[in-house]
Amino acid sequence: MPDGSSTTIKVSVGAGDDVTVGLSIRKTEFSADEFERFAAKVRTDLKALTRLLNRPGFGDGESSIGAEVEFYIVNSDLRVQPINTEIAARVQDPQLTVELNRFNLEYNLSPQVFRGEPFARTEQELLAAIQRINRHAASLDGELVPIGILPTLRESDMGAKVMTDEPRYHALSNALLKQRGEPFSIHIRGNDVIDLEADDVYMEGANTSFQLHWRVPADRFADYFNAVQLVTPVVLALASNSPSLFGHHLWDETRIALFKQSIDSRSPNHKTWRHPSRVYYGNGWARNAWELFAASASLYPPIIPLMSDEDPMAIIDRGEVPELTELRLHHGTTWPWNRAIFDHADGGHLRIEIRSMPAGPTAVDMSANGLFVIGAALAVLDDIDHLTSILPFHYTEHNFYRAAKYGIGAEIIWPHKDQVQLQDTPLLTVARELLPRAREALKRTAVDETEIHRLLGIIEGRIEANLSGARWQRRITESFLQTQSPDEAFRSMLSLYMANQKKNIPLHEWSLSP
């Protein structure tokens, strides 16, 4: 887990569920009593969190970032290669973890203080890790690809057979299926339409992401969180890199729809109240950090009721910081696209986990996405109270799904300080206005101007070229389709994508002629 956590065992489904606790899962079925005791401990942890948040100086400290990148593993035919445990065993790197499906891996990057060139350091660490992992993977006919959804993925590649054989995944799968009571239903309508059913959670593993952690001041957490919520749709559209699934052209960021539907534990047949989707954008503008944790506890039934021996109140009485293990575990089995994170490390602090961005296309593009979302949030931060008062929250959620579906072609509802009436605005117009403000906001931080200029120049290049990873994939595939079968066209496009990715060339400099 980024940012100095000392805990060790990850107990969550993939796609950004960076929740690590010092507990090991040895079984996949739990009793009603275990669930009740766990829920009671979560409530105790919430009371303890209240005391921590009220403690003078809690969460003070220098801003920092951390990140996780998920990968597909492909073979020399550019098909999925289900060998994640074999690669992990050879690499022997504690920052490398297996994911839900056997053709996915995740690399947890080191935390970086938010000064100097934090993203350049992250980028270099990532490039070195990819090179090192690929050396081990090559002898197994494997290679890493950071891409939202693999274009050559086939429906026949999926199924329970490709799920990583670890108790944590079996436990999650059993719990989600039990709550739903029937197969998961996937229905996504884009340029094409896809309808299918999955009898397990393996469809979640079709998604790979770049998740950014940003440590922010605890006493202004709600303002920072709301600022991130407001700007996320703009960043998501520019970062979009998942335009297809199983050969169907769908949303620019198909992951957003697929992830939500692939683990939707709500039963469609219940006539009584049912909990909301565990994958969601939010329940309203945040008023404080505590309510974000409290909402996950009150709205969602526990999935994995593992208990620790910790007495959080006694630890607080001694002036120390508890781990709040049960609360963190439960909170990590809900998947808001921006998630509040409590970490007991470094005297205790809060982070925002920004989870909607896809993996890829390149290390430098992901770094640019990361710096832009922080810069954009800082640009609106001082006006966030006013902006959230004139923009009802459901419009921001609407913006998010518009950005996911239509990408840089979306129109969104964007608030302005002096605006009288809300209206649709082209997303790229908002991005053009936001970019210089993000640049100025970042200049007031400890980040070097060279880093700001280099990375925001990449965002500017995408805006001016009217290009995203999703749009590049689609245009190149369409070119190949003039002379090749769909299967060949997707494979040819992926081959070009990987050639550019290995050179770490920013997306907006990629040729649009195959």
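Residues numbered from 1 in each chain as written. Predicted model: local features only at pLDDT ≥ 70, side-chain atom pairs only at ≥ 80, totals over all residues. Heavy atoms only, no water.

### Overview of the overall build of the protein
Move 1: A count of helical and extended segments in the protein gives 16 helices and 19 strands.
Move 2: Against the globule reference of 24 Å for 514 residues, the protein gives a C-alpha radius of gyration of 22 Å, in line with a compact fold.
Move 3: When each of the 514 residues of the protein is scored for burial, the buried share is 62%.
Move 4: Just so you have it, the protein exposes about 18,800 Å², and 48% of that area is on carbon and sulfur atoms.
Move 5: Charge separation in the protein, taken as the distance between the mean sites of 52 positive and 68 negative side-chain charges, equals 1 Å. (Helix = DSSP H or I, 4+ residues; strand = E, 2+ residues; numbered from the N terminus. Rg over C-alpha atoms; globule rule 2.2 N^0.38 Å. Buried < 20%, exposed > 50% of the residue type's maximum accessible area, 1.4 Å probe, protein only. Areas by Shrake-Rupley, 256 points an atom, 1.4 Å probe, with all protein chains shown as cover. Lys, Arg positive; Asp, Glu negative; His and termini not counted. Charge placed at Lys NZ, Arg CZ, Asp CG, Glu CD.)

### A few points about the confidence of the model for the protein
Move 1: For the protein, the average pLDDT comes to 90, and 90% of its residues sit at 70 or higher.
Move 2: Scored below 50 in pLDDT, residues 1–22 shows 104 contacts in the model against residues more than four places distant or in partner chains. (pLDDT = per-residue confidence, 0-100. Contact = heavy atoms within 4.5 Å.)

### Focus: the packing of aromatic side chains
In this description, an aromatic ring pair is defined by two values, namely the gap between the centres and the angle between the planes.
Move 1: Enumeration according to the criterion identifies 16 aromatic pairs in this entry.
Move 2: With 5.6 Å between their ring centres and 25° between their planes, tyrosine 280 and tyrosine 300 make a pair best called stacked. In this pair, tyrosine 280 is assigned in strand β13 (residues 279–280) and tyrosine 300 in the loop between α7 (289–299) and α8 (312–317), connecting sequence segments 20 residues apart.
Move 3: Using a relative accessible area of 2% as the deciding quantity, one classes tyrosine 300 as buried.
Move 4: On the numbers, 6.4 Å between centres and 55° between planes, the contact of tryptophan 472 with tyrosine 497 is tilted. One end of the pair, tryptophan 472, is in helix α15 (residues 469–481); the other, tyrosine 497, is in helix α16 (residues 486–502), and 25 residues separate them in sequence.
Move 5: Residue tryptophan 472 is classed as buried on the basis of its relative accessible area, which comes to 0%.
Move 6: Classification of tyrosine 497 by relative accessible area gives buried; the value is 1%.
Move 7: Taken together, the ring pairs in this structure connect Phe259, Tyr281, Trp285, Trp335, Trp337, Phe393, Phe400 and Tyr401 into an aromatic cluster. (Phe/Tyr/Trp six-rings, centres within 6.5 Å; stacked < 30°, edge-to-face > 60°.)

### Examining the nonpolar core
Move 1: Tyr72, Leu153, Trp214, Val234, Phe372 and Ile374 are the most contacted members of the largest nonpolar core, which totals 160 residues.
Move 2: The element contributing the most residues to this core is helix α10 (residues 363–381), with 14 residues.
Move 3: With residues up to four places along the chain from it excluded, the contact list for isoleucine 374 reads Ile65, Phe114, Phe119, Leu212, Trp214 and Leu442. (Core = buried A, V, L, I, M, F, W, Y, C linked by side-chain atoms within 4.5 Å.)

### A word on the side chain of asparagine 226
Move 1: Here asparagine 226 shows up in helix α5 (residues 221–239).
Move 2: A relative accessible area of 5% places asparagine 226 in the buried class.
Move 3: The residues touching asparagine 226, leaving out its near neighbours within four places in the chain, are Trp285, Ala286, Ile384 and Thr388.

### Re the environment of histidine 344
Move 1: Position of histidine 344 among the secondary structure elements: in the loop between β15 (338–343) and β16 (349–354).
Move 2: Between the C-alpha atom of histidine 344 and that of glutamate 323, which follows or precedes it by 21 residues, the distance is 5.3 Å.

### Description of the pairing of strand β8 (residues 184–189)
Move 1: Of the two faces of β8, only one is covered, namely that formed by Phe184, Ile186 and Ile188; the face formed by Ser185, His187 and Arg189 stays uncovered.
Move 2: Here β8 runs beside strand β9 (residues 193–198); their pairing, made up of 6 bridges, is antiparallel. Among the inter-strand pairings, histidine 187 is bridged to a residue of β9, identified as aspartate 195.
Move 3: If you look at the hairpin formed by β8 and β9, you'll find 3 residues sitting between the two strands. (Pairing = 2+ DSSP bridges.)

### Overview of the packing of helix α13 (residues 427–443) against helix α14 (residues 449–465)
Move 1: Their axes nearest at 11 Å, the elements α13 and α14 cross at an angle of 180°. One way to sum up the angle between α13 and α14 is to call them roughly antiparallel. Of α14, the residues touching α13 (which contributes Leu428, Ala431, Arg432, Leu435, Ala438, Arg439, Leu442 and Lys443) are Glu449, Ile452, Leu456, Gly457, Ile459, Glu460, Ile463 and Glu464.
Move 2: Class assignment for the residues of the contact of α13 with α14 results in 9 nonpolar, 1 polar and 6 charged. (Axes fitted to C-alpha atoms, helices over the stretch in contact; angles between N-to-C directions. Parallel < 35°, antiparallel > 145°, perpendicular 65-115°, else oblique. Nonpolar A, V, L, I, M, F, W, Y, C, P; charged D, E, K, R; others polar.)

### Concerning the packing of α5 against helix α12 (residues 393–406)
Move 1: Running from N to C, α5 and α12 point in directions that differ by 10°, and their axes come no closer than 8 Å. Classified by the interaxial angle, the pair formed by α5 and α12 is roughly parallel. Here Gln229, Leu230, Thr232, Pro233, Leu236 and Ala237 of α5 lie close against α12, whose contacting residues are Phe393, Thr396, Asn399, Phe400, Ala403 and Ala404.
Move 2: Its residues assigned to classes, the contact of α5 with α12 comprises 8 nonpolar, 4 polar and no charged.

### Focus: α12
Move 1: Taking 1.5 Å per residue, 14 residues should reach 20 Å; α12 reaches 20 Å between its end C-alpha atoms and fits that length.
Move 2: Among the residues of α12, Phe393, Thr396, Asn399, Phe400, Ala403 and Ala404 are the ones counted as buried. Projected onto a plane normal to the axis of α12, the buried residues spread over an arc of 130° and lie on a single side.
Move 3: One or two steps after α12, the chain reaches glycine 407, where phi turns positive at roughly 60°. (Expected span 1.5 Å × (residues − 1). Arc of directions from axis to C-beta.)

### With respect to α15
Move 1: Its 13 residues place the ends of α15 18 Å apart at the C-alpha level, agreeing with the 18 Å of an ideal helix rising 1.5 Å per residue.
Move 2: Taken together, the buried positions of α15 are Gly469, Ala470, Trp472, Gln473, Arg474, Ile476, Thr477 and Phe480.
Move 3: Where α15 is buried, its residues touch β12 (248–249) and α16.

### What about the environment of methionine 203?
Move 1: Inspection of the secondary structure puts methionine 203 in the loop between β9 and β10 (210–216).
Move 2: Take methionine 203: its relative accessible area is 2%, and that puts it in the buried class.
Move 3: As a C-alpha pair, methionine 203 and leucine 258 span 55 residues in sequence and 7.6 Å in three-dimensional space.

### Notes on the pairing of strand β3 (residues 64–74)
Each regular strand shows side chains that alternate between the opposite faces of the sheet.
Move 1: Burial analysis of β3 places 11 of its 11 residues in the buried class, the great majority of the element.
Move 2: Judged by which residues are buried, β3 turns out to be covered on both faces: Ser64, Gly66, Glu68, Glu70, Tyr72 and Val74 on one side and Ile65, Ala67, Val69, Phe71 and Ile73 on the other are all buried.
Move 3: Where β3 and strand β5 (residues 104–113) come together, 8 bridges link them in antiparallel fashion. Residue pairing across strands places glutamate 70 opposite glutamate 106, the latter belonging to β5.
Move 4: Bridge count for β3 against strand β7 (residues 143–145) is 3 bridges, and the pairing is antiparallel. What sits directly across from valine 74, in β7, is glutamate 143.

### Considerations on the environment of leucine 150
Move 1: Within the fold, leucine 150 resides in the loop between β7 and α4 (167–180).
Move 2: Each C-alpha atom, one on leucine 150 and one on tyrosine 72, is 7.2 Å from the other, the two residues being 78 residues apart in sequence.

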